[in-house]
Amino acid sequence: MKKNEFEVGKVSLYRANTPVLSVRGLSLIIDTPAKKTPRTIIDSLNLDLPAGSITGIYGQTGAGKTLLGLAIMALLPADLAGLVKGSVIFEGNDLRQMAGKAMTNLYANKLAIMFQNPQASLNPNINIASQLSQAGRMHHHLDAKQAKERAVNLLQLVGFLDPKSSVNAYPHHLSLSMSQRLILAIAISCSPQVLIADDPFSSLDDEGRAHCMGLLSALAREFNTAVLILSHNKDLLASWAQKSYTLSAGKLEEGLSS
Amino acid sequence: MTLAGKIGLAMSATLGLLMLIISLLPGWTDYDLVVSEQANLPPAIFNNFKLAGELAGLSVDSPYASRICLLGTDELGRDYLSGLMRASLVSLGFSLGIAVLSILIAFSLASLAAWYGGWVDGLVMRLVDILYAVPSLASIILVLAIFGAGQAMVFVCLLGLGWYSEIKVLGIQIKIEISLPYCEALRGMGAGLFRTMVKHVLPNLGSVVWTLVAMRLLVLVLQEAFLSFIGFGPSPPWLSWGILLRDGILSLDHAGHRLFSTFAVMAWFLTGISLFLDGLAKQAVVKR
């Protein structure tokens, strides 16, 4: 992969394996009115995401992987966000204390997230070129022509066979696996420093998954991006993650135990 | 667009063009000219399309004597078709303008309520509840009676009567829309209130918004006609459908064609515009 395919004019400040994002004492306890006992989703959790490597978190369905991802990114809906304790340090700031422009400027630009349902994560009414270049236009003020060129390059990168005509398509024209690739392209469009992928590539076949995971590790290598993969697929984590944890009962344990 | 939508567009466009030509182009705009000798002429079809002056016994070189009045003239000798078209321009302009403006205001407030939730949501919705409880038409008549009628006041009053009525529907629609995963993903990309609402939610709710505009338009035409009918409409030289309806009823015994031509033009326009807006709404339905 050529470096300038990702580049928007940003050089990583991090050296490989220094932590980019640190989670300290993160807790999320949800009140469940029906059961009357509060449910612990995340229990004073510590985690470092090192630059340039892929970290994996394995968890069974319902273990709280998605909520953990959203809590780290400070993207939980307001009613849940109020229940989070602890801190998430990125570039010396606690994400949970940040607000407004300072915070929104980080999203997609430095902190990117891939949601687990690829088709629902796309606006059905907007063509692929616009969705793909949105982050770049928002954060880097690309003009329409640059944005379209980048969109074509990114689509080619994630394995679209005919990127020039695909940029004009709409999400309902895409198959599930193509939308998954598109979501990846959107996430890496600003070459972020941290990328959280929630159950990625589950709808791709083995070959497609290997291709996309290859892209993620290339992204991690080239740009020293810290990638966090939340998945219930042990094989995927075993073969691609440099370090893996298991999330159970709100705690992280090293390794892929069940 | 649907066939019905295209027919609606054609209906509104043909009469709309005629309306603009007759009511705006100089030479046609002779409604203000009072020629008392030409008063109460019948429609041209009943007298072999003779010139107005000829019918009134005027010399043909006097201005306005050399024209054919297709729908006859009114009590003051003014061309009725010109008046009808001018009234259409005023009534439709008012109603469309207020309808679009009302929905824009409603969409903005509903967006704020849905985006921030909590006390902002509560404040907006309770305000709407209070406004719903006010007997609106009665209070408008009161306001117009105190401050005097006139086109600007009518505009303000009709806007005041309608801006809040769609906030609740839009608020719920927007709440549903922003809870969808794509809006969550937008938040994860750093998109703020304005970008999310204007670039994503508004186009996706296009079918709802066009339908609401169409519904408001019809209500506003009726309200404006009602106000004009009871004498609180725009004042001369402005005209409106309500004023013509009142005059048409008063002259029903000797010039029934005035009332019926006004009815026909209203029905033609409103059917056309409703069909067109319905076509726009159907076109805006999002494929998911």
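Residues numbered from 1 in each chain as written. Chains lettered and ligands numbered in written order. Predicted model: local features only at pLDDT ≥ 70, side-chain atom pairs only at ≥ 80, totals over all residues.

(A) Structural context of the overall build of chain B. The helix and strand tally for chain B stands at 12 helices and zero strands. Reading chain B from its N end, one meets helices and strands in the order α-α-α-α-α-α-α-α-α-α-α-α. The C-alpha extent of chain B, read off along each of the three principal axes, is 80 × 45 × 30 Å. Residue burial in chain B is summarised as follows: out of 288 residues, 41% are buried. Of all intrachain contacts in chain B linking residues separated by at least 6 positions in sequence, the fraction that spans at least 24 positions is 70%. (Helix = DSSP H or I, 4+ residues; strand = E, 2+ residues; numbered from the N terminus. Buried ≥ 20, exposed ≤ 12 C-beta atoms within 10 Å, placed from the backbone. Contact = placed C-beta atoms within 7 Å.)

(B) Just the overall build of chain A, in detail. Helix and strand counts for chain A come out as nine helices and 10 strands. In terms of overall dimensions, chain A has a C-alpha envelope of 55 × 35 × 35 Å along the principal axes. Out of the 258 residues in chain A, the part that is buried amounts to 46%. Once local pairs closer than 6 in sequence are excluded, the contacts in chain A between residues at least 24 apart make up 71%.

(C) Layout of the packing of helix α3 (residues 80–116) of chain B against helix α7 (residues 167–178) of chain B. Residues and elements named next belong to chain B. Packing of α3 against α7 leaves a shortest axis separation of 8 Å and a crossing angle of 45°. Classed by the angle they form, the pair α3 and α7 counts as oblique. Every pair of crossing elements has a handedness; the one defined by α3 and α7 is right-handed. Along its contact with α3, which presents Ala-106, Phe-107, Leu-109, Ala-110, Ser-111, Ala-113, Ala-114 and Trp-115, the element α7 presents Ile-167, Leu-170, Gly-171, Ile-174, Lys-175 and Ile-178. Taken together, the residues of the contact of α3 with α7 break down into 11 nonpolar, two polar and one charged. (Axes fitted to C-alpha atoms, helices over the stretch in contact; angles between N-to-C directions. Parallel < 35°, antiparallel > 145°, perpendicular 65-115°, else oblique. Left-handed = near helix turned anticlockwise from the far one by under 90°. Nonpolar A, V, L, I, M, F, W, Y, C, P; charged D, E, K, R; others polar.)

(D) Layout of the interface of chain A and chain B. Contact residues are listed per partner, giving 22 residues for chain A and 18 residues for chain B. Per-element tally for the side of chain A that touches chain B: the top contributor is helix α4 (residues 128–140) of chain A, with four residues.

(E) Representation of the environment of Ile-89 of chain A within the structure. Residue and element names in this part refer to chain A. Assignment of secondary structure puts Ile-89 in strand β4 (residues 84–90). Overall, the presence of 16 C-beta atoms within 10 Å leaves Ile-89 in the partly exposed class. For the pair Ile-89 and Ser-179, spaced 90 residues apart in sequence, the C-alpha separation works out to 31 Å. Among residues more than four places away in sequence, those in contact with Ile-89 are Leu-21, Ser-22, Arg-24 and Asp-94.

(F) Region of the structure containing the pairing of strand β9 (residues 243–248) of chain A. All names here are of chain A. Inspection of the sheet shows strand β3 (residues 54–58) paired to β9 by four bridges, in the parallel sense. What sits directly across from Ile-57, in β9, is Tyr-245. In terms of strand pairing, β9 meets strand β10 (residues 251–254) through four bridges, oriented antiparallel. Residue pairing for β10: Leu-247 is matched across the bridge by Leu-252. (Pairing = 2+ DSSP bridges.)

(G) Examining the sheet that holds β3 of chain A more closely. Residue and element names in this part refer to chain A. Reading across from one edge, β6-β7-β8-β3-β9-β10 is the order of the six strands in this open sheet, with mixed pairing throughout. Each having just a single partner strand, β6 (111–114) and β10 make up the two edges of the open sheet. Neighbour to neighbour, the strand axes of the sheet diverge by 20° on average, direction disregarded. Relative to strand β8 (residues 226–231), β3 is paired through five bridges, and the arrangement is parallel. The residue bridging Tyr-58 from the neighbouring strand is Ser-231, located in β8.

(H) Structural view of the confidence of the model for chain A. Averaged over every residue, the pLDDT of chain A is 85; the share at 70 or more is 93%. Contacts from residues 1–5 of chain A, a stretch scored under 50 in pLDDT, to residues over four places away or in other chains number five contacts. (pLDDT = per-residue confidence, 0-100.)

(I) Expanded view of the sheet that holds strand β5 (residues 93–94) of chain A. Residues and elements named next belong to chain A. The four strands are arranged β2-β1-β4-β5 in an open sheet whose pairing can be described as antiparallel. Every other strand in the sheet has two partners, leaving β2 (39–50) and β5 as the edge strands with one partner each. Running at roughly 120° to strand β1 (residues 19–30), helix α1 (residues 65–72) makes contact with β1, β2 and β4 of the sheet.

(J) Just the nonpolar core, in detail. One finds Ala-185, Val-194 and Val-227 of chain A together with Ala-106, Ala-110 and Val-213 of chain B to be the most contacted residues of the largest nonpolar core, which totals 152 residues. Each residue touching Ala-110 of chain B, except ones within four places of it in the same chain, is listed here: Ile-167, Leu-170, Gly-171 and Ile-174 of chain B. (Core = buried A, V, L, I, M, F, W, Y, C linked by C-beta atoms within 7 Å.)

(K) Layout of unusual backbone geometry. Positive phi values are uncommon outside glycine, yet Glu-91 of chain A reaches one of about 50°. With respect to the helices, strands and loops of the structure, Glu-91 of chain A is situated in the loop between β4 and β5.

(L) Representation of the packing of α3 of chain B against helix α4 (residues 118–133) of chain B within the structure. All names here are of chain B. At a minimum axis separation of 6 Å, α3 and α4 run at an interaxial angle of 145°. Along this stretch, α3 crosses α4, giving a crossing that reads as left-handed. Within the contact between the two elements, α3 uses Leu-109, Leu-112, Ala-113 and Tyr-116 and α4 uses Gly-118, Val-120, Asp-121, Val-124 and Met-125. Considered class by class, the residues forming the contact of α3 with α4 number seven nonpolar, one polar and one charged.

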